[in-house]
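# Summary of structural features
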Amino acid sequence: MAKSPALPKPTPAELDLLQTLWPLGSATVRQVHEAMQQERPDVTYATVLRLMQIMHGKGLLLRDESGRSHVYAPVYTQDSLQTNLLKDLMQRAFAGSAKALVLAALKTGISKKERDEIEKLLKDDEK
C-alpha cells in the first residue's frame, strides 16, 4: 500500500500565521498583517509578506493571483495539520504511545475547568 505524502511541517512562525489565517479562511497579506498586529504589534508587513510567500512555496498556502491583491488560503485545515503534528510528536517523543503523550500533557498543569471538560468527554465516550 502506498504511503500518503507527509504534510509539510510548519515552523513556529508559520504556525503563528496559520493560527491567524484559519479563522479568516482566505485573506490578503494586508488583512493577515492587520490581524497579526492585534497580538504582535511589532510584526511588519514585509515579514508577513515574505513568510506567506515561503509558505506558498512549501505548499502550506494556496494563492489566488486573479485580482490586484493576491489572496492566500490555507491548504490544510487546522484539524488535519494539528492531527499530523500530534502524530509526529507522539512517534518521536513518546514511542508512539498516546497514553504517554496524554499523561505528559496532564502533568504539565491543566485548569480545573479543562480537567472537568476532559472528564465529561471521557464519560460521554463510555455511553
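A quick note: this is a predicted structure, and the numbers were derived from the prediction, not measured. Each chain has its residues counted from 1, following the order in which its sequence is written. Side-chain atom pairs in this predicted model are given and counted only at pLDDT of 80 or more, local residue features only at pLDDT of at least 70, and totals for whole chains, interfaces and linings cover all residues. The side-chain figures draw on all heavy atoms in the structure; neither hydrogens nor water molecules are used.

A word on the overall build of the protein chain. The secondary structure content of the protein chain amounts to 6 helices and 3 strands. Numbered from the N terminus, helices here are DSSP runs of H or I no shorter than four residues, and strands are runs of E no shorter than two. Taken from the N to the C terminus, the helices and strands of the protein chain come in the order α-β-α-α-β-β-α-α-α. Here the globule rule is a power law, 2.2 Å times the number of residues to the power 0.38, and the radius of gyration is based on C-alpha atoms. Here the C-alpha atoms of the protein chain give a radius of gyration of 18 Å, more than 25% beyond the 14 Å that 2.2 N^0.38 yields for 127 residues. Projected onto its principal axes, the C-alpha coordinates of the protein chain cover approximately 55 × 45 × 30 Å. Remark: exposure states derive from per-residue accessible area (1.4 Å probe, protein chains only) relative to the maximum for the residue type, with buried under 20%, exposed over 50%, and partly exposed in between. When each of the 127 residues of the protein chain is scored for burial, the buried share is 23%. Between two residues, a contact is recorded if the distance between any of their heavy atoms is within 4.5 Å. Across the protein chain, the fraction of contacts at a sequence separation of at least 24, relative to all contacts at a separation of at least 6, is 49%. Surface exposure here means Shrake-Rupley accessible area, sampled with a 1.4 Å probe, where a residue is shielded only by the protein chains that are shown. When the accessible area of the protein chain is evaluated, it comes to approximately 9,200 Å², of which 56% is carbon and sulfur surface.

Moving on, we come to the packing of helix H2 (residues 29-37) against helix H3 (residues 45-58). Axis separation between H2 and H3 bottoms out at 9 Å; the angle between their running directions is 120 degrees. When the interaxial angle is binned, H2 and H3 end up oblique. Viewed along their axes, H2 and H3 form a crossing whose handedness is right-handed. Judged by residue contacts, Val29, Arg30, Val32, His33 and Met36 of H2 engage Tyr45, Val48, Leu49 and Met52 from H3. Three categories are distinguished: nonpolar for Ala, Val, Leu, Ile, Met, Phe, Trp, Tyr, Cys and Pro, charged for Asp, Glu, Lys and Arg, and polar for the others, with Gly belonging to the last. Taken together, the residues of the contact of H2 with H3 break down into 7 nonpolar, 1 polar and 1 charged. Where helices are involved, their axes are fitted lines through C-alpha atoms of the stretch in contact, as for all axes, and angles between N-to-C directions lie from 0 to 180°. Angle categories are assigned with fixed cut-offs, so that under 35 degrees is roughly parallel, over 145 is roughly antiparallel, 65 to 115 is roughly perpendicular, and the rest are oblique. Should the near helix be turned anticlockwise from the far one by less than a right angle, the crossing is left-handed, and should it be turned clockwise, the crossing is right-handed.

Counting 18 residues, the largest nonpolar core has Leu17, Val32, Val48, Met52, Met55 and Leu61 as the members making the most contacts within it. Looking at this core, the elements that each hand over two or more residues are helix H1 (12-24), H2 and H3. Excluding its chain neighbours within four sequence positions, the residues that come into contact with methionine 55 are Glu14, Leu17, Leu18, Leu60 and Leu61. Here, nonpolar core refers to any group of buried Ala, Val, Leu, Ile, Met, Phe, Trp, Tyr and Cys residues whose side-chain atoms link them within 4.5 Å.

A sheet is described by the order of its strands in space; here 3 strands give the open sequence S1-S3-S2, paired in antiparallel fashion. The open sheet is flanked by strand S1 (27-28) and strand S2 (61-64), the only strands paired with a single partner. Contacting S1, S2 and strand S3 (71-74), H1 crosses the sheet at an angle of about 100 degrees to S3. Pairing between strands requires that DSSP locate at least two bridges from one strand to the other.

Helix packing for two helices is described by the angle between their axes and how far apart those axes are. The geometry of H1 relative to H3 is characterised by a closest axis approach of 11 Å and an angle of 100 degrees between their N-to-C directions. With respect to their mutual orientation, H1 and H3 come out roughly perpendicular. Contacts between H1 and H3 pair Ala13, Glu14, Leu17 and Leu18 from the former with Val48, Leu51, Met52, Ile54, Met55 and Lys58 from the latter. For the contact of H1 with H3, the residue count by class is 8 nonpolar, no polar and 2 charged.

Inspection of H2 places Val29, Val32, His33 and Met36 among the buried residues, and these make up the whole buried set. Angular distribution of buried residues about the axis of H2 spans 100 degrees; they occupy a single face of the element. Elements that come into contact with the buried residues of H2 comprise H1, S1, H3 and S3. Directions from the helix axis toward the C-beta atoms define the arc.

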